[in-house]
Amino acid sequence: MEVSQFDELIDDWFIESLKTYRDLHVYQLEFPTRVIEWTSGKTICVAGYNKSSKNEILELTLPQKLFAEENKGLCAERDFKVLHGGFSPGPVSVLKHIPGTRLIVTNDGLTSDLHVWNLGGDDSDVITKVASFPDSKESSGGVKMAARLRPQPEVLHGGRGNDVRLTQLTTGQTLYQLASACEERVTSLHFLSDAVFLAACANGDVLTVDTRTSAPPQLAPAPPSDHSDVWWADVAGFGLVRVSSSGRAAVSDPRDPGAVVRRAQLAVGTLRGGSDDVNVSWAPALDDIVAVSGFGSSVQIYDTSSWGADGRDARPLFEHRGHAVCSPQSSSQAEGGAVAVTHHIWHPKERRTLVSAADDTSLHVWDWIQQSHSR
């Protein structure tokens, strides 16, 4: 793509964005990231994943303009700001914040080791490592995590269905070890209640585990598929959603995950990047709305309430294409330089606000406008 064509594309997209976004802020990190985690309603934590050097861990405050109720144009702060920072000697492929604390837990994506960090406070702007929990196993390709505070910081973690554990971070004690014959790779872990958690596997199976009993986990098999798909999942009170590498999607009741009630074929295209970059997430403040990224250069938002039982094609309700449009890599797409989204996350309370990152080091926060009808 010629430079003049690229500039014209950006101009056209920004004009279009005036009608499709309530807010849109574009930021450039010094490194690409595949982790974004809220540490408060106005701050996020990001980190690099370079395997050959040290990686920054940063806590950023979002632009104040995003949260201004009135007179947004008069708000002076329109950019991200670094609040706290530190360095990890290895890559950061998974990062979870312990709710109600200033602690985060990371994993390098190569081993099963866990690292605990203090984000600092008013008296220090340095993020420091406070504990490590090395694993005796050989490199396992990393782990997935879910974190909570009950009453001490706890992390649910594991790389495969037969090595999921619940660890108390203050003592390193294993509170629960999943006894399962499942050797499938885990793509996500989710607390359903104090005693019940869900482990989603790469083959589409879902394990529902009750830690109060020694009974084996309840197994919900993968939705029917004609392909040898990899599956990713998210769960909320109103549904379990699973999305496959071929774009097939299925929604179930979390109380009966084996019974699929809604299906669709998503318009996500062909999976170009690695499976670690695929992200599926329910909107926490909107019913039935799910966001999907990692298949390419956009973040797509779907309304699952319109899906039926027959798995017909579904079009996205909204598509954030800003990473592709704004990236210098877009001018070299013919040479395979297309940007790829590495992660996205919904704001916990703002209904249509998301933060997304791409492998060109871009970081966007955006509040989209639903065109069809208001929710």
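Everything below is about the structure shown above.
Throughout this description, residue numbers start from 1 for each chain and increase along the sequence as written. Totals for whole chains, interfaces and linings use every residue, but because this is a predicted model, local features are given only for residues with pLDDT of at least 70 and side-chain atom pairs only at 80 or more, for both listing and counting. Only hydrogens and water are set aside when side-chain values are computed; all heavy atoms of the structure are taken into account.

Visitor: I'd like a rundown of the state of the cysteines, residues and numbers included.
Guide: The disulfide criterion used throughout: a pair of cysteine sulfur atoms within 2.5 Å. All chains considered together, the criterion is met by zero disulfides. Cys-201 takes part in no disulfide bond, and the closest cysteine sulfur to it belongs to Cys-182, at a distance of 4.0 Å.

Visitor: Tell me what's going on with the sheet that holds strand E12 (residues 165-168), and back it up with residues and numbers.
Guide: Strands pair, by our definition, only if DSSP identifies at least two bridges between them. Counting from the N terminus, the helices are the DSSP runs of H or I reaching at least four residues and the strands are the DSSP runs of E reaching at least two. Pairing within the open sheet is antiparallel, and its four strands lie in the order E10-E11-E12-E13. Two strands close off the open sheet at either side, each with one partner strand: strand E10 (144-149) and strand E13 (174-177). Each neighbouring strand pair of the sheet contributes to a mean axis angle of 15 degrees, computed without reference to strand direction. Pairing geometry for E12 and E13, over three bridges, is antiparallel. Among the inter-strand pairings, Arg-165 is bridged to a residue of E13, identified as Gln-177. Working convention: axes come from line fits to C-alpha atoms, limited for helices to the stretch in contact. Angles between N-to-C directions cover 0 to 180 degrees.

Visitor: So, the environment of Val-186: which residues are in play, and what are the values?
Guide: Structurally, Val-186 is set in strand E14 (residues 186-191). Each residue is placed in one exposure class: buried if its accessible area under a 1.4 Å probe, protein chains only, is under 20% of its type's maximum, exposed if it is over 50%, and partly exposed if it falls in between. The exposure class assigned to Val-186 is buried, which follows from its relative accessible area of 2%. Contact criterion: two residues are considered in contact whenever any of their non-hydrogen atoms come within 4.5 Å of each other. Aside from chain neighbours lying at most four places away, what touches Val-186 is Lys-144, Gly-158, Gly-159, Arg-160, Gly-161, Val-164, Ala-200 and Cys-201.

These figures come from the coordinates and say nothing about function on their own.
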